[in-house]
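# Summary of the model geometry
Given next are the chains, with one letter for each unit.
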Amino acid sequence: EPEVTQTPSHQVTQMGQEVILRCVPISNHLYFYWYRQILGQKVEFLVSFYNNEISEKSEIFDDQFSVERPDGSNFTLKIRSTKLEDSAMYFCASSGQIEQPQHFGDGTRLSIL
Amino acid sequence: AQSVTQLDSQVPVFEEAPVELRCNYSSSVSVYLFWYVQYPNQGLQLLLKYLSGSTLVESINGFEAEFNKSQTSFHLRKPSVHISDTAEYFCAVTHLRGSARQLTFGSGTQLTVLP
């Protein structure tokens, strides 16, 4: 069964550094998402992406965050200048048609030192 | 705005006993409802979904959930649990309007099946 894959599984970064989290969505999917889960808290929506542009974004997704689909297979989340509070598990998800369920990757654990 | 409440953060249950994990939602518009399961060190896996039609939906591994519009609930049940069902379970909702379908998650319920 096709899967969403995320790399790396764990990323350790110094505060203030830029980080890029990578995702390969399921190949024929059209809608792409990033979520995050701070330890002990709910899974929170960050951003959705369709037709090469952001469809929706949450209050968390401020100017420090950006997303990109640089080619036909990758979907990336960039945090420009990381803060301690960015430490979390970041999940990528994709779906085919808009009404279809989202399929999640295994996540990238981001640790900011 | 929509929200999801999972009242039980921890549910311990003995093997082969029945279990119910509760989920209530609030939304001003019609919604789709989902249950996702997260095993240790893994991502979120779709367990079952309610999009339309029959209010009782079933998964391949014996779980079922019933959409109750009047009570705004989508409780997850299994008549007999196995050790392998130990995991965290998340209820999620998405609205039917807009150009994308962001999921709003509950806080999760840790199901622990005891031998």
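Look up a bit, the structure's there.
Throughout what follows, the structure given in this document is the object of discussion. (Residues numbered from 1 in each chain as written. Chains lettered and ligands numbered in written order. Predicted model: local features only at pLDDT ≥ 70, side-chain atom pairs only at ≥ 80, totals over all residues. Heavy atoms only, no water.)

## A closer look at the overall build of chain A
To keep things clear, this is the line we draw: Counting from the N terminus, the helices are the DSSP runs of H or I reaching at least four residues and the strands are the DSSP runs of E reaching at least two. To get the radius of gyration, use the C-alpha atoms; to get the globule rule, take the number of residues to the power 0.38 and multiply by 2.2 Å. Working definition: with a 1.4 Å probe on protein chains only, accessible area under 20% of the residue-type maximum means buried, over 50% means exposed, and in between means partly exposed. Contacts are residue-level and defined by heavy atoms, with any inter-residue pair within 4.5 Å sufficient. Each accessible area value is a Shrake-Rupley result obtained with a 1.4 Å probe; residue values ignore everything except the protein chains displayed when judging cover. Residues scored as positive are Lys and Arg, those scored as negative are Asp and Glu, and His as well as the terminal groups of each chain are ignored. Charged side chains are reduced to one point each, which is NZ for Lys, CZ for Arg, CG for Asp and CD for Glu.
Counting its regular elements, chain A contains 0 helices and 11 strands. For chain A, the N- to C-terminal ordering of α and β elements is β-β-β-β-β-β-β-β-β-β-β. Rg of the C-alpha trace for chain A: 13 Å, near the compact-globule value of 13 Å for 113 residues, within the 12% margin. Scored against the burial criterion, the 113 residues of chain A give a buried share of 49%. For chain A, the share of sequence-separated contacts (at least 6 apart) that also reach a separation of at least 24 residues comes to 54%. For chain A, the computed accessible surface area is about 5,800 Å², with 44% contributed by carbon and sulfur atoms. Both charge centroids of chain A, one from 9 positive and one from 15 negative side chains, sit 5 Å from each other.

## Topic: the packing of aromatic side chains
Short version of the rule: Between 30 and 60 degrees the pair is tilted, below 30 it is stacked and above 60 it is edge-to-face, where a pair is any two Phe, Tyr or Trp rings, Trp via its six-membered ring, whose centres lie within 6.5 Å.
Scanning the entire structure with this criterion turns up 18 aromatic pairs over all chains. Arranged with centres 5.5 Å apart and planes meeting at 45°, the rings of F63 of chain B and Y89 of chain B form a pair that is tilted. Remark: Y89 of chain B occurs in strand β10 (residues 87–95) and F63 of chain B occurs in the loop between β7 (56–58) and β8 (64–68); sequence separation between them is 26 residues. For F63 of chain B, a relative accessible area of 1% translates into the label buried. According to the relative accessible area criterion, Y89 of chain B is buried, its value standing at 0%. These aromatic residues form a ring-pair network of at least three members: Y33, Y35, F45, F91 and F104 of chain A together with F34, Y36, F90 and F105 of chain B.

## What to know about the sheet that holds strand β7 (residues 65–68) of chain A
Note on sheets: strands pair through backbone hydrogen bonds, and any given pair is parallel or antiparallel. All names here are of chain A. We count it as follows: In this description, strands pair whenever DSSP reports at least two bridges between them. For helices, the axis comes from a line fit to the C-alpha atoms of the stretch in contact; other axes are also lines fit to C-alpha atoms, and the angle between any two N-to-C directions lies between 0 and 180 degrees.
Strand order in the open sheet formed by 4 strands is β1-β3-β8-β7, and the pairing between neighbours is antiparallel. Edge positions in the sheet fall to β1 (5–7) and β7, since each has one partner strand and no second. The average angle at which neighbouring strand axes cross in this sheet is 20°, direction not considered.

## Thoughts on the interface of chain A and chain B
For clarity, the cut-off: Buried area adds together the accessible area that both of two parts lose upon being put together, with accessible area traced by a 1.4 Å probe. Criterion for a salt bridge: a side-chain nitrogen of Lys or Arg within 4 Å of a carboxyl oxygen of Asp or Glu. Under this definition, polar contacts are N or O atom pairs within 3.5 Å; protein pairs additionally need one hydrogen-donor-capable and one acceptor-capable atom, and for neighbouring residues in sequence, both atoms have to be side-chain atoms. Classification convention: Asp, Glu, Lys, Arg as charged; Ala, Val, Leu, Ile, Met, Phe, Trp, Tyr, Cys, Pro as nonpolar; all other residues, Gly among them, as polar.
Listed as interface residues are 18 residues of chain A and, on the opposing side, 22 residues of chain B. Of the roughly 1,800 Å² buried between chain A and chain B, counting both surfaces, carbon and sulfur atoms make up 58%. Counting across the interface, chain A meets chain B through 0 salt bridges. Between the two partners, chain A and chain B, sit 6 residue pairs in polar contact (both at pLDDT 80 or more). Elements supplying a minimum of two residues to the side of chain A that touches chain B: β4 (31–37), β5 (43–50) and β6 (53–57) of chain A. The leading source of residues in the side of chain A that touches chain B is β4 of chain A, at 4 residues. Looking at side-chain class alone, the side of chain A that touches chain B contains 9 nonpolar, 5 polar and 4 charged residues.

## Details of empty space enclosed by the protein
In plain terms, the rule: Points on a 1 Å grid, built from protein atoms alone, make a cavity when a 1.4 Å probe fits but cannot get out and make a pocket when they are open with protein on both sides within 12 Å along at least 5 of 7 lines; residues with an atom within 4 Å of a point are the lining residues. Grid points are joined across faces, edges and corners, and a volume is the space filled by probe spheres set on the points.
The final tally for this structure, using the stated rule, is 1 cavity of 30 Å³ or more. One number sums up the size of the largest cavity: a volume of about 30 Å³. Its residues assigned to classes, the lining of the largest cavity shows 4 nonpolar, 3 polar and 2 charged.

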